[in-house]
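If you want the building blocks of each chain, they are given just below.
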Amino acid sequence: VTFTVGHDGTTNGAASLNGTNQYISFANDTAVDYSKNLTLSLWFKRTSANLFGKTLISKGYHNEFELSFTEKLCFYHGTTSTSHYWKYEGPDTSMFQENVWYNLSVVRKGNDKTWLVSFYVNGHLTHETNGESSENYLSSYGSSYTNFDSTVYNIPQTSTHKIFIGAQNNNP
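Here is a short report on the structure shown in this document. Here, residues in each chain are numbered from 1, in the same order as that chain's written sequence. Totals for whole chains, interfaces and linings use every residue, but because this is a predicted model, local features are given only for residues with pLDDT of at least 70 and side-chain atom pairs only at 80 or more, for both listing and counting. No hydrogens and no water enter the side-chain calculation; it runs on all heavy atoms of the structure.

**Remarks on unusual backbone geometry**
Alright, step 1. Although it is not a glycine, asparagine 99 sits at a positive phi angle of roughly 60°.
Alright, step 2. Along the polypeptide, asparagine 99 turns up in the loop between strand E8 (85–92) and strand E9 (101–111). Put simply, DSSP H or I for four residues or longer makes a helix, DSSP E for two residues or longer makes a strand, and each gets a number counted from the N terminus.

Structure representation (structure tokens):
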């Protein structure tokens, strides 16, 4: 990890991560319950054209939470079912130009099985969503299918995983 000029011009005010194998990790804080209302706020600047698959912050999308890019900026939280997660889509990746600093805040509010995730870019609300299940939760019983209430699985969980900045955390 190297350091570079931060969003406010401060020398060595930001970590520069290569987006491939560099990251910063923090130990899990057992005093914090990340399964409740949650606000993630950070500054970032992309330095390459390809953001697909890049992760900003993660405790693992099957675990507690993750903020990463597909065609859109997405917030994920794991659920009480270890094989499922809930996905919340935010702004299109194209909104984030190369070599421009962005202040990003993602707020998850709700309780039990009902959550609203709001995406703010540079202080402006860009998207609010109730998200979608990682699966359609259909179960096969012979040749017939039964539709399950997918909100049953929309309960964020807690984990002991470390927080990773700049990489996906798939390990404790």
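**Re the environment of phenylalanine 3**
Alright, step 1. Mapping phenylalanine 3 onto the fold places it in strand E1 (residues 2–4).
Alright, step 2. With residues near it in sequence (within four places) discarded, phenylalanine 3 still touches Asn12, Ala14, Ala15 and Ser16. Throughout, a residue-residue contact means that at least one pair of heavy atoms, one from each residue, lies within 4.5 Å.

**Here's the deal with the sheet that holds strand E4 (residues 38–45)**
Alright, step 1. The rule for pairing is simple: two strands pair if DSSP sees at least two bridges between them. The 4 strands are arranged E4-E9-E10-E11 in an open sheet whose pairing can be described as antiparallel. In this open sheet, the two strands that pair with only one neighbour each are E4 and strand E11 (124–129). Looking at each pair of strands side by side, their axes are set apart by 20° on average, direction ignored.
Alright, step 2. Here strand E10 (residues 114–121) runs beside E11; their pairing, made up of 5 bridges, is antiparallel. Within E11, the residue paired with serine 118 across the bridge is glutamate 128. The angle between two axes is taken between their N-to-C directions and runs from 0 to 180 degrees, where each axis is a line fitted to C-alpha atoms and a helix contributes only its stretch in contact.

**Section: the nonpolar core**
Alright, step 1. Nine residue types can take part in a nonpolar core, namely buried Ala, Val, Leu, Ile, Met, Phe, Trp, Tyr and Cys, and a core is a set of them joined through side-chain atoms within 4.5 Å. Only protein chains enter the accessibility calculation, which uses a 1.4 Å probe. A residue is then buried if its area is under 20% of the maximum for its type, exposed if over 50%, and partly exposed in between. The biggest cluster of nonpolar side chains holds 24 residues, and the ones touching the most others in it are Leu67, Phe75 and Leu104.
Alright, step 2. Apart from the residues lying within four places of it in its own chain, the contact partners of leucine 67 are Leu42, Thr55, Leu56, Ile57, Leu73, Cys74, Phe75, Leu104, Val106 and Phe119.

**Observations concerning the sheet that holds strand E12 (residues 132–133)**
Alright, step 1. The antiparallel open sheet is built from 7 strands, whose spatial order is E3-E15-E5-E6-E7-E8-E12. Two strands in the sheet have a free side with no partner beyond their single neighbour: strand E3 (24–26) and E12.
Alright, step 2. Bridge analysis of E3 against strand E15 (residues 163–165) gives 3 bridges, and the strand direction is antiparallel. If you follow isoleucine 24 over to E15, its bridge partner there is isoleucine 165.

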